[in-house]
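So you can see what is in the structure, the chains are spelled out below.
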Amino acid sequence: MKFKKYFLLLLIIPLISFSAHKYYLSLTQINYKEASKSVQIIINVFMDDIETALNKDHSIDLQLSTKKELKNNDIYFENYLRNALQFKINNISRAFHYVGKEYEGDLVYFYLEIENVSKVSSIEVTNKILLKHFDKQENLIKSKVGTTNKSVLLSKDYYKETLTY
């Protein structure tokens with residue numbers, strides 16, 4: 001039953017990214033790359049949602065993907081993600097490196113990396129992305145370590161989960 005729920009969510013994300021959306025959903029994909037000994041993280045959020053949140057929090061006007069876009073917006077994105085996301089790998093808090101972002105359609109993709117990870121037996125994720133700004137915000141976490149896949153749906157009342165492998 002859970003598989004069907006996650007499958008439907010994954011199907012909905014691309015469909016709702018092409019229209020004005022009524023859903024508040026982000027997707028965080030976490031992959032452990034044994035060869036590089038790193039945890040690679042890709043987060044996608046709706047551009048208008050992250051723009052609304054940052055504009056309200058900082059009294060700015062980002063104007064994402066326009067000619068008037070703020071040149072230093074990565075500072076705002078990185079600070080926002082550092083406050084909204086925390087990771088523990090094998091019960092040890094680990095900071096991520098903000099690699100960058102890109103826009104695709106109505107989505108912003110953020111790229112993060114946690115380096116020097118020799119093995120992964122558990123990942124604790126605290127994800128508060130957009131929860132302060134949208135009551136119905138949900139944050140889907142998908143992870144892959146080796147051949148093991150795990151997923152969890154987080155929300156305003158349930159924003160932390162430990163995934164074990």
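Up top you'll find the structure we're talking about.
Residues numbered from 1 in each chain as written. Predicted model: local features only at pLDDT ≥ 70, side-chain atom pairs only at ≥ 80, totals over all residues. Heavy atoms only, no water.

Student: What exactly am I supposed to notice about the nonpolar core here?
Tutor: Side chains of nonpolar character tend, in soluble globular proteins, to be buried together. Grouped together as the largest cluster of nonpolar side chains are 39 residues, with contacts concentrated most on Val39, Ile43, Ile50, Leu81, Phe87, Phe110 and Ile129. Once residues within four sequence positions are removed from consideration, isoleucine 43 is found in contact with Leu27, Thr28, Leu81, Leu85, Val108, Tyr109, Phe110, Leu112 and Ile129. (Core = buried A, V, L, I, M, F, W, Y, C linked by side-chain atoms within 4.5 Å. Buried < 20%, exposed > 50% of the residue type's maximum accessible area, 1.4 Å probe, protein only. Contact = heavy atoms within 4.5 Å.)

Student: Whenever I open this one, the sheet that holds strand β4 (residues 92–94) confuses me. Can you help?
Tutor: Adjacent strands of a sheet form backbone hydrogen bonds with each other and so pair up, either parallel or antiparallel. As summarised here, the arrangement of the 4 strands in space is β4-β3-β7-β10, forming an open sheet in which the pairing is antiparallel. Looking at which strands have only one partner, the edges of the open sheet turn out to be β4 and β10 (160–164). Taking each pair of neighbouring strands and ignoring which way they run, the sheet shows an average axis angle of 25°. Bridge analysis of strand β3 (residues 85–89) against strand β7 (residues 122–127) gives 5 bridges, and the strand direction is antiparallel. Paired with phenylalanine 87 across the strands is valine 125, a residue of β7. Lying on the sheet, helix α3 (residues 73–84) is in contact with β3 and β7; it crosses β3 at an angle near 55°. (Pairing = 2+ DSSP bridges. Helix = DSSP H or I, 4+ residues; strand = E, 2+ residues; numbered from the N terminus. Axes fitted to C-alpha atoms, helices over the stretch in contact; angles between N-to-C directions.)

Student: Can you help me understand helix α2 (residues 47–58) in this one?
Tutor: For the α-helix, the turn length of 3.6 residues means that residues three or four positions removed from each other point alike. Over its 12 residues, α2 extends 16 Å from the first C-alpha to the last, a length consistent with the 16 Å expected when each residue adds 1.5 Å. Those residues of α2 not exposed but buried are Met47, Asp49, Ile50, Glu51, Ala53, Leu54 and Asn55. Tucked into the core, α2 has its buried residues touching β2 (38–46), α3, β5 (97–104) and β6 (107–114). Directly beyond the C-terminal end of α2, a positive phi value near 50° is found at serine 59. (Expected span 1.5 Å × (residues − 1).)

By themselves, these figures tell us nothing about what the structure is for.
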